[in-house]
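Residue-level structure breakdown
Single-letter residue listing:
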Amino acid sequence: MKMGVKLIKISVVYFVIGVCIGLGMSMTHSFALTPVHVHINLLGWTALTLAGIIYHLFPQAAAKWAKVHFWLHNIGLPVMMIGLIFVVYGNEAFVPVTAIGGVLVVIGVILFAINVLKNVRASS
């Protein structure tokens, strides 16, 4: 499966998770998981959908660092979100877990940015 399509498909999984968290919060009137909801929708659904579209439209970018970006992002985001769930419920011991996941995502996003800047060009 091409990397762009793979990213778009996994982004839909994040979208469903984010929407379900939002629905659960609205049904219970408990909004403690708002940071998790927002991060999953932004970094999971939106960012990965856009990355997938870019990789699909510019296959030369998908050939470089796309696989590393994919794995860093999709290991880091769940680790960060699971840690954040524990942190928002008062378990400060999970702050390092949240930070490690966040650093993985940031490294993935930086690789994506470098990849786009170096490999995405207008067609001649």
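Report follows, based on the coordinates. Every chain is numbered on its own, with residues counted from 1 as its sequence reads. Totals for whole chains, interfaces and linings use all residues, but because this is a predicted model, local features are given only for residues with pLDDT of at least 70 and pairs of side-chain atoms are given and counted only at 80 or more. Side-chain numbers come from the whole structure's heavy atoms, not from hydrogens or water.

The next thing to look at is the packing of aromatic side chains. Pairing of aromatic rings covers Phe, Tyr and Trp, the last through its six-membered ring, and needs centres within 6.5 Å; plane angles under 30 degrees mean stacked, over 60 mean edge-to-face, and all others mean tilted. On inspection of all chains with the given rule, the structure shows 4 aromatic pairs. Seen in terms of ring centroids, phenylalanine 70 and tryptophan 71 are 5.1 Å apart; in terms of plane orientation they differ by 85 degrees. Their pairing is edge-to-face. Each ring, one from phenylalanine 86 and one from phenylalanine 94, has its centre 4.1 Å from the other, and the planes form 10 degrees; the classification is stacked. A 1.4 Å probe rolled over the protein chains alone gives each residue an accessible area, and that area as a share of the maximum for its type sets the label: buried under 20%, exposed over 50%, partly exposed in between. Residue class for phenylalanine 86 comes out partly exposed when judged on its relative accessible area of 36%. By relative accessible area, which is 25% here, phenylalanine 94 ends up partly exposed. A cation over an aromatic ring shows up here: lysine 6 above the ring of phenylalanine 70, its NZ or CZ 5.2 Å from the ring centre. Two conditions define a charge sitting above a ring: the NZ of Lys or the CZ of Arg must be within 6 Å of the ring centre, and it must be within 35 degrees of the ring normal.

Looking now at helix α2 (residues 34-57). Spanning 24 residues, α2 covers 33 Å between terminal C-alpha atoms, matching the ideal 34 Å at 1.5 Å per step. Axes are fitted to the seven residues ending at a residue and to the seven starting at it; the angle between these axes is taken as the bend at that residue. Runs of H or I in DSSP of at least four residues are treated as helices and runs of E of at least two as strands, each being numbered from the N terminus. At alanine 47, α2 shows its maximal bend, which comes to roughly 25 degrees. Within α2, the full set of buried residues consists of Val36, Ile40, Asn41, Leu43, Gly44, Leu48, Thr49, Ala51, Gly52 and Tyr55. We call two residues contacting when some pair of their heavy atoms lies within 4.5 Å. Summarising the contacts, the buried residues of α2 are in contact with α1 (3-28), α3 (59-62), α4 (66-88) and α5 (95-119). A helix is expected to span 1.5 Å for every residue after the first.

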